[in-house]
Structure formats: structure tokens, C-alpha cells
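Summary of the model geometry
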Amino acid sequence: MCLGIPGRIVEITGLTAVVDFWGVRKQVALDLVDEPVKPGDYILNHVGYAIRRIPEDDIEGTLALYEELLRETDGGDLMAEDVAGELGSLGPAHPKGEPS
Amino acid sequence: MNGTTQMKFRDPARAKALVDRLHALMAEIGRPVNVMHVCGSHEQAMARFGLRATFPKSLNMIMGPGCPVCITDQPEVDEAVALVMQGATVATYGDMLRVPGTSKSLADAQAAGGRVEVVYSIDQAVAIARTTTDPVVFFATGFETTAVTTATVLLRDDLPSNFTVLSAHKFVPPAMNVVAGMEESLVEGFLAAGHAAIITGWGIFEEFVEKYRMPVVVAGFEPLDILAGMVALVELVGRGTPAVVNAYPRCVTREGNRRAQEQLWRVFKMQSGHWRGIADIPEGNLEIRDEFAHRDARRVYRVDPALAAGDGPSDLAVQCLCGSIMVGLKTPHDCALYGKDCVPENPVGACMVSSEGTCKIWWQYGGRPDVAAMIGGAR
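Residues numbered from 1 in each chain as written. Chains lettered and ligands numbered in written order. Predicted model: local features only at pLDDT ≥ 70, side-chain atom pairs only at ≥ 80, totals over all residues. Heavy atoms only, no water.

1. So, empty space enclosed by the protein
Residue and element names in this part refer to chain B.
- A complete count under the given rule lists five cavities of 30 Å³ or more for this structure.
- Quantified by volume, the second largest cavity comes out at close to 80 Å³.
- Forming the boundary of the second largest cavity are 13 residues, of which Cys320, Cys335, Cys342, Gly349 and Cys359 lie nearest the centre.
- Residue composition of the lining of the second largest cavity, grouped by class: 12 nonpolar, one polar and no charged. (1 Å grid on protein atoms, 1.4 Å probe; cavity = no way out; pocket = protein on both sides within 12 Å on 5 of 7 lines; lining within 4 Å. Points joined across faces, edges and corners; volume = space filled by probe spheres on them. Nonpolar A, V, L, I, M, F, W, Y, C, P; charged D, E, K, R; others polar.)

2. A word on unusual backbone geometry
- The phi dihedral of Val47(A) falls on the positive side, at around 40 degrees, and the residue is not glycine.
- For Val47(A), the location among the structural elements is in the loop between strand 4 (42-46) and strand 5 (49-54).
- For Val47(A), a relative accessible area of 4% gives the class buried.
- Despite not being glycine, Glu283(B) shows a phi value in the positive range, around 65 degrees.
- Position of Glu283(B) relative to the elements: it lies in strand 11 (residues 279-288).
- Accessibility expressed as a relative area gives 43% for Glu283(B), which makes it partly exposed. (Helix = DSSP H or I, 4+ residues; strand = E, 2+ residues; numbered from the N terminus. Buried < 20%, exposed > 50% of the residue type's maximum accessible area, 1.4 Å probe, protein only.)

3. Let's talk about the interface of chain B and chain A
- Between chain B and chain A, the residue contacts involve 54 residues of the former and 44 residues of the latter.
- Buried surface at the junction of chain B and chain A, both sides included, amounts to about 4,200 Å², of which 56% is carbon and sulfur.
- Interface area lost by chain B to chain A is led by Tyr120(B), Arg250(B) and Arg259(B), which between them contribute 18%.
- Run the count over chain B and chain A and you get one salt bridge.
- Here Asp31(A) ties to Arg156(B) by a salt bridge, and the two come within 3.2 Å at their closest N and O atoms.
- For the pair chain B and chain A, the interface holds 16 residue pairs in polar contact (both at pLDDT 80 or more).
- Breaking the side of chain B that touches chain A down by element, the ones donating at least two residues are helix 2 (40-48), strand 4 (116-119), helix 6 (122-130), strand 5 (136-142), helix 7 (144-154), helix 9 (194-200), helix 12 (258-267) and helix 17 (358-364) of chain B.
- Per-element tally for the side of chain B that touches chain A: the top contributor is helix 7 of chain B, with six residues.
- Each residue belonging to the side of chain B that touches chain A can be placed in one class, and the counts come to 22 nonpolar, 19 polar and 13 charged. (Contact = heavy atoms within 4.5 Å. Buried area = accessible area lost by both parts, 1.4 Å probe. Salt bridge = Lys/Arg side-chain N within 4 Å of Asp/Glu carboxyl O. Polar contact = N/O pair within 3.5 Å; in protein donor to acceptor, adjacent residues only side chain to side chain.)

4. What to know about the confidence of the model for chain A
- When pLDDT is averaged across chain A, the result is 80; 80% of the residues are at 70 or more.
- Contacts of residues 90-100 of chain A to residues separated by more than four positions or lying in other chains number 25 contacts, the stretch itself having pLDDT below 50. (pLDDT = per-residue confidence, 0-100.)

5. Concerning the confidence of the model for chain B
Residue and element names in this part refer to chain B.
- Here chain B shows a mean pLDDT of 91. Residues at 70 or above account for 94%.
- Note that pLDDT drops below 50 for residues 1-7; the model gives that stretch 23 contacts with residues more than four away or on any other chain.
- When the criterion is pLDDT under 50, residues 368-379 qualifies, and its contacts beyond four places in sequence or with other chains add up to 24 contacts.
- For this predicted complex, the interface score ipTM comes out at 0.87, while the overall pTM is 0.90.

Laid out in C-alpha cells, this is it:
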């Protein structure tokens, strides 16, 4: 729940951004991020909120961990599931089936 | 079980250099060293990538109270369950669903016909409130990283009038004081969680370092980030230097996210409270300020936690060692329930429920994550 997940801003309307996470597009709120952001910037998302703009030089290093985790497809990996949870694609956790 | 057998470093040469450095430092120190981290994601990464297997045997990395779900106290869960029994819809993060209160969880309340909604974000709870005139309560759990999102929503002036928050938010730095101050604690330094520090900034640890003369290193979550953080921490312990080192500069600054802090402290104040199984933590809870009393479920409704407490804790729940595990005095293997009466499918304690709980992480990644068989990749 504290890991967060990085994504690239596609467009911004007011305080809401559409953010691309490896092809999955989600709305992310910009109420908390403390630097001006624009489309093309990477942000770290936590429960639907951008908490930090990721500096350009750090994008690659930040993405690496997640890319390894997202390659994990056999299920049962807590970190991969938490990342997927942050994406909201599975819901935040696993109300029915705990990862086995 | 997977993960622990696959040591995959992005930069194996750098990983090896860091591991070698860690061994050299511990050889110099020449005695066992105990350090603590306070983050479920750190524990996941360490277990998943088998990092403990690369550490010198005399270096003991303990997971502290870093699982927000696990430290949510039974009476807090009881309050949420009682609100459901009293007819409210309670929305919360999925990890909270199966966390036991004194005798019931929100999942039990749901199974009994109560209205419980799992949400990914507080905004989804607000959206649910807009679809009804009935009370909708967001059971808000998590550390400062999550509490800032609750704060920002409570500052909005267009919230539906039936929306309130039951805050079980916690603030990590005061819990470090409690652990550091425990007489029986062997902890000599802390690895602080990078993403909580994005919000608070690393400067917040300076007071702790000053008071307890104990080093703090802020670390990220990549295996290399953690190894680099451990090297920095063991260097400080070895030299006897109480200092804060930011080993995660690509994300964390000294000041942190001021915009988020400002919103956090406008809505919440620190309040003493009990953390499950651990202790009363002075200033460890985040309570909604009077100005937002009309959004505080505790003040809007007469919440009766006794409704949910039932006959009290089960015989098994009384044996749970979760609290001692979370302050580093015990490990899951000291618990008679671990892997027997308490498994992820049928958890007794909160540490086996949450994906950030020590017991669940150890169980999921192959029991004890520091067995010799995992060594190989980095050394």
C-alpha cells in the first residue's frame, strides 16, 4: 500500500490528470503534487493521487523495479499484486481471493 | 512460492560490490548488529529478492511496525463494524476487510448482510456517498502517505453531507521513538521508508537521531536501493555516528512535499493512541481537527464499539504474537500459531492478513526468507 506506482501524464484537466501506466490509463488527482506538472511528465501515484513528480534523470531507475514486477504473471507475488492494486486494475487488494 | 530463488539484480556487479562492502563492514564491527525497517514494501522487497540471504549472518534486519493494516487497533475495527451494524455503509481499502476486530472483521459484518464497500481510493467512497442519502463512512487507514489523500478530500467544499471519515490513520515517526526507547530493544538503527519520507521529508528524522543517538537511513525499494541503504546504515552504526542519511535522493528531499504536509496538518492533529499489540504511541494517531468535526464519524454518529466486540477475543487471538513481532522482540517462528492455526486463508492475527504483514510476507515468500539455499545470485 505504500509502494506507489509511476506513470506518465497524458493530459490534464484542472486538478485531474489522465496517466498512462504501461498502457493502462487512469485518472490521477493532482491536489498533492508539489511541483508544476505537464503532459509527458512522470509522477508517482499512491491511491489515486500524484505524490511526487519524478525528475527526468530518475525515470529509468524508478521504472526498473516495476517493470520486473509487472513481468511477474504467475500470481502469488505480493509485491506484484500490490503494484497491480495500486493500478486499481485488480482493485486495491483481494477481497475475495487472497493471493495464493 | 516464488521470488526468493530468483535473485535478479538490474546491475549484478553493483549488487555484489554492495554486498561485499556490507560483509567487510560487519567484519570490522565484529559483533551482531540489529537494525529495523518500518515499511511493508521494504519487507516484501527483501523477502522477494532474497536480500537477507546476502547479509552477513550477524546482521539482523527486523521488520518493525511498518504495516498500517496490522497496527490498526481492534477497537478501531470494532468501531467500523459497529457502524455497519448500525446501518451505515462503510467503505475501506481492501486489505482492511479481513482484519479482525475484537471478535469480528468487516468481512464478517458484510457476510451478516451489512454494507461494506472495498475502494481503491477515497474518491470512490465519496462517489458512493453521492449515490445515496444514507450515511457513508470511509474507514481511513494507513500512514502519512495515505493520510494526505484523506486530508485533501476533507478540504473540498463539495462533499455530500452524508459522507464522513472514521480515521485510523497513523504517523510513523512517533512509533520509532517508542521502539528506540524500549529497554529490551536491541535495535541500533532504522531504515526509513522512502515513500513516507517523500511526504514528510528526511529532515523529520533529525529530532529522533538527536534524541536517541541512533542513525536513520532513508531508502528506496529497488533491491539496489535497499542494499545501498543498508551499507549506509551499517557504516553509521559501526562508526557510532547518529545521523540521517538520505539514500533515496531521487525521490526524497529534506523538506518533503510541503503542499501535502500543509493539507495533512490542516485536517489532522497528532493524538496518542494504541497501536495493535504494541503499545500506546504518544502522538502516533492522526485525529480529525475540530474544524472538520462534521466530517468525523466519531462525532457525527454515536458509535458503539461494544456492539461489535461480542464475547471478546477468541482463545487463538489471545496467543497472537503480532505485536511482539512488530517491535522486533519475536519473529513469526516464535509464534505457535504461525503456519498452523494462522495461515493466509484463515488468519488469526493482522500480520497474516495484510500483504504488508511480516507473517504473510514470510509465509508467501517461502517461510523464512533467509535460508542458505537462496544465496547465489549476488555472492
